[in-house]
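# Per-entry structural report
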Amino acid sequence: MAQKTKYNMVKEKITEWITSGAVKPGEKIYSENELVKMFGVSRHTVRQAVGDLVHEGWLYREQGAGTFCSLKKESAEPQVQISNTNGKNIGVITTYISDYIFPSIIKGIESYLTTQGYSLTFACTDNDVEKEKQCLQTMLSRNIDGLIVEPTKSGNFNPNISYYLELEQNNTPYLMINQYYSQLMPPHIIMNDEYGGFIATEHLIKLGHQKIIGIFKSDDLQGVNRMQGFIRAFREHGITFFPDMVVTYTTEDQQSKIVEQLKNFYTNEKMPTAIVCYNDQSALSVIEMLRGLDLRVPEDVSIVGYDDSFLAEATEVKLTSVSHPKMEMGIEAAKWIVSAVEGNSSSYPQSIIYEPELIIRSSTAEVKKTT
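Being a predicted model, the structure only gives us computed values, none of them experimental.

Further remarks concern the overall build of the chain. Along the backbone of the chain there are 11 helices and 15 strands. For 371 residues, the compact-globule formula gives about 21 Å, and the C-alpha radius of gyration of the chain, at 21 Å, lands near that figure. In terms of its C-alpha atoms, the chain occupies a principal-axis envelope of roughly 70 × 55 × 35 Å. The burial tally for the chain puts 54% of its 371 residues in the buried class. Put simply, of all contacts in the chain between residues at least 6 apart along the chain, 74% involve residues at least 24 apart. Surface summary for the chain: the accessible area is close to 16,700 Å², and the carbon and sulfur share equals 49%.

Here is the structure:
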């Protein structure tokens, strides 16, 4: 509980600086080391608090420069950025721009398109279908030549299908990354997330774990597919499920709600010995929760993340994680859209599916033998 209090204290104080005007939009906040000394908390607590504020839109990161205050957007207006105004224009819509693995994906897209003389218009949906609608309207009004888009809530029926059909009617090529809308079956570059969930779970089973929890996001198909892989690993290895072993959440769910749900598993002696997490962000939240219960990773509980993001090596416990191609995906998406815009799409594959690998680090270990 003490850890949670410190975490909230850091978040609330930084938010107070922003709302009071002590830190203005575009201004850099204190460094990680300064925040650790200022609040007397662990580096992990600071990273989690700052990461949440980035995700919520209070802060944004610039690689190599630091973390800065951003305008807190209370409206549903999507975030739109234009990189330059020369040449043909490509639209890029992702769920997030400045957080987690997205800067690497976007850097890959931008690095190739700019060398080909294309301008880019970026937009961010925050995984909200109404914002996606506005992003699509913006792209159509700009008469973009092509669109790279990450679906919003791909696990649900999408109410914005008509805008994609309008792109098709206009002969404007578009490509979906990370996932795609099954109602459209468009060209796409994705990961084999079912296999990713499988290898994450199988790794733990081979270490002797049998009571394993899976945490998955249910309104994105990535999470649904990773959950399928999780279940397949149990079936193939003949291991029995136990009640409530799968914990799901949606974009709107507070992460703290998931953590509270998990705590219920660790209040008795027959607690799960391992957890497969939807991504590295959720894995770090789980590690923080376990620390608050005086449980060690991996000595007491093994943890596997997903995406092999920078967070995987951000704490003293290095996270075993499923790989994600990130920048490579961005570059391939850019190459695809250029080929389509320039009428050379027949020379490029319609879709690409990456086969993930498991990057094994120190957050997983053989299950403790009980006597």
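Next comes the rest of the description.
Moving on, we get to the packing of helix α7 (residues 193–206) against helix α8 (residues 221–236). Closest axis-to-axis distance for the α7/α8 pair is 6 Å, and the angle between their directions is 40 degrees. Classified by the angle between their axes, α7 and α8 sit oblique to one another. Both α7 and α8 take part in a crossing whose hand is right-handed. Residues Asp193, Glu194, Tyr195, Gly197, Phe198, Thr201, Glu202 and Ile205 of α7 touch α8, and the partners they reach there are Gln222, Asn225, Arg226, Gln228, Gly229, Phe230, Arg232, Ala233, Phe234 and Glu236. Looking at the contact of α7 with α8 residue by residue, the classes come out as six nonpolar, six polar and six charged.

Once that is clear, we can look at helix α5 (residues 129–141). Its 13 residues give α5 an end-to-end C-alpha distance of 18 Å, which sits within 8% of 18 Å, the value for a rise of 1.5 Å per residue. When we look at burial in α5, the residues that qualify are Lys131, Glu132, Gln134, Cys135, Leu136, Met139 and Leu140. Elements that come into contact with the buried residues of α5 comprise β4 (89–94), β5 (119–124), β6 (146–149) and α6 (161–169). Two to three positions downstream of the cap, the backbone nitrogen of Glu130 sits 2.9 Å from a side-chain oxygen, assigning the N-cap of α5 to Asp128.

Okay, the packing of helix α4 (residues 102–115) against helix α11 (residues 327–341) next. Relative to each other, α4 and α11 sit at 40 degrees, their axes nearing to 7 Å. Viewed along their axes, α4 and α11 adopt a mutual orientation that is oblique. Two packed elements cross with a definite hand, and for α4 against α11 that hand is right-handed. Here Ser104, Ile105, Lys107, Gly108, Ile109, Ser111, Tyr112 and Leu113 of α4 come into contact with α11, specifically with Met327, Gly330, Ile331, Ala334, Lys335, Ile337 and Val338. When grouped by side-chain class, the residues that make up the contact of α4 with α11 number nine nonpolar, four polar and two charged.

Another aspect to go through is the confidence of the model for the chain. Of the residues in the chain, 91% have a pLDDT of 70 or more, and the chain-wide mean is 88. Note that residues 72–76 has pLDDT below 50 and, in this model, six contacts with residues that lie over four places away or in other chains.

The next thing to look at is the pattern of salt bridges. In the structure shown here, the tally under the stated rule is 19 salt bridges. Between Lys131 and Asp126 there is a salt bridge, with the nearest N and O atoms lying 2.8 Å from each other. Overall, Lys131 belongs to the buried group, its relative accessible area being 12%. The class of Asp126 is partly exposed, set by a relative accessible area of 29%.

This brings us to the packing of aromatic side chains. Tallied over the entire structure, the rule returns 11 aromatic pairs. Aromatic pair Tyr195 and Phe198: ring centres 6.5 Å apart, planes at 25 degrees, arrangement stacked. Of this pair, Tyr195 and Phe198 both sit in helix α7, three residues apart, which is roughly one turn of the helix. Residue class for Tyr195 comes out partly exposed when judged on its relative accessible area of 31%. Pairwise contacts between aromatic rings join Phe216, Phe230, Phe234 and Phe241 into one cluster. A cation over a ring is seen here: Lys211 above Phe242, with NZ or CZ 5.1 Å from the ring centre. Between the NZ or CZ atom of Arg226 and the centre of the ring of Tyr306, over which it lies, the distance is 3.6 Å.

Okay, the environment of Ala123 next. In this fold, Ala123 is placed in strand β5. Ala123 gets classed as buried once you look at its relative accessible area, which sits at 1%.

In space, the six strands of this open sheet follow the order β10-β9-β11-β12-β13-β15, with mixed pairing throughout. In this open sheet, the two edge strands, each paired with only one partner strand, are β10 (246–249) and β15 (358–359). Inspection of the sheet shows strand β11 (residues 274–276) paired to strand β12 (residues 302–307) by three bridges, in the parallel sense. Each residue of the ladder has a partner; that of Val276, found in β12, is Val304. Strands in contact with α7 are β9 (212–217), β11, β12, β13 (320–323) and β15; relative to β12, the strand with the most contacts, it is inclined by about 160 degrees. Against the sheet, α8 contacts β9, β10, β11 and β12, and its axis sits at roughly 160 degrees relative to β9.

Summed over the entire model, instances satisfying the criterion amount to zero disulfides. In this structure Cys124 is a free cysteine whose sulfur lies 7.0 Å from that of Cys135, the closest cysteine sulfur available. Given the relative accessible area of 3%, Cys124 is considered buried.

Turning our attention to the nonpolar core. Across soluble globular proteins, nonpolar side chains show a tendency to be buried alongside one another. Core analysis: the biggest nonpolar cluster contains 76 residues, and Leu113, Ile213, Ile215, Ile275, Val286, Leu290 and Ile303 have the highest contact counts within it. Among residues more than four places away in sequence, those in contact with Ile275 are Leu204, Ile212, Ile213, Ile215, Tyr266, Val286, Val301, Ser302, Ile303 and Val304.

Each value, and the rule that gives it
Residues numbered from 1 in each chain as written. Predicted model: local features only at pLDDT ≥ 70, side-chain atom pairs only at ≥ 80, totals over all residues. Heavy atoms only, no water. Helix = DSSP H or I, 4+ residues; strand = E, 2+ residues; numbered from the N terminus. Rg over C-alpha atoms; globule rule 2.2 N^0.38 Å. Buried < 20%, exposed > 50% of the residue type's maximum accessible area, 1.4 Å probe, protein only. Contact = heavy atoms within 4.5 Å. Areas by Shrake-Rupley, 256 points an atom, 1.4 Å probe, with all protein chains shown as cover. Axes fitted to C-alpha atoms, helices over the stretch in contact; angles between N-to-C directions. Parallel < 35°, antiparallel > 145°, perpendicular 65-115°, else oblique. Left-handed = near helix turned anticlockwise from the far one by under 90°. Nonpolar A, V, L, I, M, F, W, Y, C, P; charged D, E, K, R; others polar. Expected span 1.5 Å × (residues − 1). Polar contact = N/O pair within 3.5 Å; in protein donor to acceptor, adjacent residues only side chain to side chain. pLDDT = per-residue confidence, 0-100. Salt bridge = Lys/Arg side-chain N within 4 Å of Asp/Glu carboxyl O. Phe/Tyr/Trp six-rings, centres within 6.5 Å; stacked < 30°, edge-to-face > 60°. Lys NZ or Arg CZ within 6 Å of the ring centre and 35° of its normal. Pairing = 2+ DSSP bridges. Disulfide = S-S within 2.5 Å. Core = buried A, V, L, I, M, F, W, Y, C linked by side-chain atoms within 4.5 Å.

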